[in-house]
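Structural characterization, general
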Amino acid sequence: GAKRAIESPESLSSINTMVDAFQERRDLVVAGLNNVPGISCQTPKGAFYVFPNIGGVCEDLGVVDAYRELAEEVRATTSPATLFQMFLLFRYHVATLDRKSFGQLGAEGKHFLRLSIATGLEELRDAVDRIGKAARDAEGFRAFLRSGDPLS
């Protein structure tokens, strides 16, 4: 089956269609995230993910300060990026992963998220819009911290 798929004359066209679709998704998300104050995102060369730097958002919303004020045992299980990740999930319903989710080595002081682009364009437009709203919602972030929702 795999040999037939690779050798089929229709394969190249199908592959090109998929590549074009993922490039469109990637470009939409990268451009949208780069329009959000406090976020910068480089264009990845491959994969189904983008890795926006949210350091400016973490500073602007007070996420870094809130992290520093957490009890030491809570800080050990979270990071500023994790706090924003959880805020996105519980308040804006956008699922991302923070850098610390992949291990702690080299994660300290790095405020990045991982966002999959393996979904439809409309869902991605909506997610970027929600991320932009969350990035400006300092009061919502403070309410999230007070809510008792998970911080890690």
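Placed above this text is the structure.
Anyway, here's the lowdown on the structure attached to this text.

Cut-offs applied
Residues numbered from 1 in each chain as written. Predicted model: local features only at pLDDT ≥ 70, side-chain atom pairs only at ≥ 80, totals over all residues. Heavy atoms only, no water. Axes fitted to C-alpha atoms, helices over the stretch in contact; angles between N-to-C directions. Helix = DSSP H or I, 4+ residues; strand = E, 2+ residues; numbered from the N terminus. Parallel < 35°, antiparallel > 145°, perpendicular 65-115°, else oblique. Contact = heavy atoms within 4.5 Å. Nonpolar A, V, L, I, M, F, W, Y, C, P; charged D, E, K, R; others polar. Buried < 20%, exposed > 50% of the residue type's maximum accessible area, 1.4 Å probe, protein only. Pairing = 2+ DSSP bridges. Phe/Tyr/Trp six-rings, centres within 6.5 Å; stacked < 30°, edge-to-face > 60°. Lys NZ or Arg CZ within 6 Å of the ring centre and 35° of its normal.

1. As for the packing of helix 6 (residues 80–92) against helix 8 (residues 138–147)
Two elements in contact, helix 6 and helix 8, have axes separated by 10 Å at closest approach and are oriented at 90°. Classified by the angle between their axes, helix 6 and helix 8 sit roughly perpendicular to one another. Only Gly140, Phe141, Ala143, Phe144 and Ser147 of helix 8 make contact with helix 6, whose side of the interface consists of Leu83, Met86, Phe87, Phe90 and Arg91. Within the contact of helix 6 with helix 8, the residues separate by chemical class into seven nonpolar, two polar and one charged.

2. As for the pairing of strand 3 (residues 113–116)
Taking every second residue as pointing to the same face, the buried face of strand 3 carries Leu113 and Leu115, while none of Arg114 and Ser116 on the other face is buried. Bridge count for strand 1 (residues 49–50) against strand 3 is two bridges, and the pairing is antiparallel. Note on strand 3: the bridge partner recorded for Tyr49 is Ser116. Bridge count between strand 2 (residues 97–98) and strand 3: two bridges; the pairing is antiparallel. When the bridges of strand 3 are listed, Leu97 appears paired with Arg114.

3. Looking at the environment of Gln85
Tracing the backbone shows Gln85 in helix 6. Residue classification places Gln85 among the buried positions, given a relative accessible area of 8%. Along the chain, Gln85 and Thr96 lie eleven residues apart, while their C-alpha atoms are 6.1 Å from each other. Filtering out sequence-adjacent residues up to four positions away, Gln85 remains in contact with Thr96, Leu97, Asp98, Ser101 and Leu113.

4. So, the packing of aromatic side chains
Counted under the stated rule, the structure contains seven aromatic pairs. Between Tyr49 and Phe51, the ring centres sit 6.5 Å apart and the planes meet at 45°, which makes this aromatic pair tilted. Given a relative accessible area of 27%, Tyr49 falls into the partly exposed group. Taking the relative accessible area as the measure of exposure, Phe51 reaches 42% and is therefore partly exposed. On the basis of an interplanar angle of 35° and a centroid distance of 6.2 Å, the ring pair of Phe141 and Phe144 is categorised as tilted. Of this pair, Phe141 and Phe144 both sit in helix 8, separated by three residues, roughly a single helical turn. On the basis of relative accessible area, Phe144 is assigned to the buried category, the value being 0%. The rings of Phe84, Phe87, Tyr92, Phe141 and Phe144 are connected pair by pair, giving a single aromatic cluster. Residue placement shows Arg25 over the ring face of Phe22; its charged tip is 4.5 Å from the ring centre. The aromatic ring of Tyr49 is capped on one face by Arg114, whose charged end is 3.8 Å from the ring centroid.

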